[in-house]
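Spelled out from the first residue to the last, the chains are:
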Amino acid sequence: NKTNPTDPKLLMYSYVGACAGAISVRMGVGKYIASRKSWSQAKKLRIDTFAAFPAVLVANTINIFAMRSQELKNGIEVVDKNSGKVLGKSKEAAKRAIGETALSRAIISAGVLMVPPVLDGMAQKRIAVKYFLGWVKGDFVMFFPRSNP
């Protein structure tokens, strides 16, 4: 927020905390997936493609709360939308703004980290089905050559 200057130490703590949180979560999720004995290797690989998402959510959340901690402590300026006059500072408005920021970052991250693996999985299944059933025609055969029996 432009009304509260950023302390360089806070910036460093935020970065280190976000990185440590993301690495810890990613490693934990990876170990959990690897420890599932009943899951097939294909299932483990498919689920592992989504493992970055919780790590990014943790990093974003730590970063938001660290960088905007002063706003939680002191509040943010509340401005009248008609006159533009500052009405005062509000801790409740700061909580709401930080919550909305965390939610928007989660939605943006989901679009980037969840949609591509889903689309890739769908595409891989479709290509495999077409290839094995012999429906691949034209230039596509160049990428998936079939041996002639």
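Residues numbered from 1 in each chain as written. Predicted model: local features only at pLDDT ≥ 70, side-chain atom pairs only at ≥ 80, totals over all residues. Heavy atoms only, no water.

A. Main features of the pairing of strand S2 (residues 86-90). Pairing of strand S1 (residues 76-79) with S2, which is carried by 4 bridges, proceeds in the antiparallel orientation. Each bridged residue has a counterpart across the sheet, and for Ile-76 the counterpart in S2 is Ser-90. (Pairing = 2+ DSSP bridges. Helix = DSSP H or I, 4+ residues; strand = E, 2+ residues; numbered from the N terminus.)

B. Broad picture of the environment of Met-114. Within the fold, Met-114 resides in the loop between helix H5 (91-113) and helix H6 (115-133). Residue classification places Met-114 among the partly exposed residues on the basis of a relative accessible area of 28%. Not counting residues within four places of it along the chain, the set of residues in contact with Met-114 comprises Phe-50, Phe-53 and Ser-109. (Buried < 20%, exposed > 50% of the residue type's maximum accessible area, 1.4 Å probe, protein only. Contact = heavy atoms within 4.5 Å.)

C. Representation of the layout of surface pockets. Roughly 220 Å³ of volume is contained in the largest pocket. Lining the largest pocket, in full, are Leu-45, Arg-46, Thr-49, Phe-50, Pro-117, Val-118, Asp-120, Gly-121, Met-122, Gln-124 and Lys-125. Elements that contribute at least two residues to the lining of the largest pocket include exactly helix H2 (41-48) and H6. Ranked by residue count, the leading element in the lining of the largest pocket is H6, at 7 residues. Looking at side-chain class alone, the lining of the largest pocket contains 5 nonpolar, 3 polar and 3 charged residues. (1 Å grid on protein atoms, 1.4 Å probe; cavity = no way out; pocket = protein on both sides within 12 Å on 5 of 7 lines; lining within 4 Å. Points joined across faces, edges and corners; volume = space filled by probe spheres on them. Nonpolar A, V, L, I, M, F, W, Y, C, P; charged D, E, K, R; others polar.)

D. Local environment of helix H1 (residues 8-35). Helix length check: H1 (28 residues) gives 40 Å between terminal C-alpha atoms against 40 Å at 1.5 Å per residue, within 8%. Those residues of H1 lying buried are Leu-10, Ser-14, Ala-18, Gly-21, Ala-22 and Ile-33. Those residues of H1 that are buried lie in contact with H2, helix H3 (52-67) and helix H4 (69-74). (Expected span 1.5 Å × (residues − 1).)

E. Layout of the packing of H3 against H5. The interhelical angle for the contact between H3 and H5, taken along N-to-C directions, is 155°, at an axis separation of 10 Å. Taken as axis vectors, H3 and H5 run roughly antiparallel relative to one another. The hand of the H3/H5 crossing is right-handed. Where H3 abuts H5, its residues Ala-52, Phe-53, Val-56, Leu-57, Asn-60, Asn-63, Ile-64 and Phe-65 lie against Ile-98, Thr-101, Ala-102, Arg-105, Ala-106, Ser-109, Ala-110 and Leu-113. Among the residues making up the contact of H3 with H5, the classes are represented as 11 nonpolar, 4 polar and 1 charged. (Axes fitted to C-alpha atoms, helices over the stretch in contact; angles between N-to-C directions. Parallel < 35°, antiparallel > 145°, perpendicular 65-115°, else oblique. Left-handed = near helix turned anticlockwise from the far one by under 90°.)

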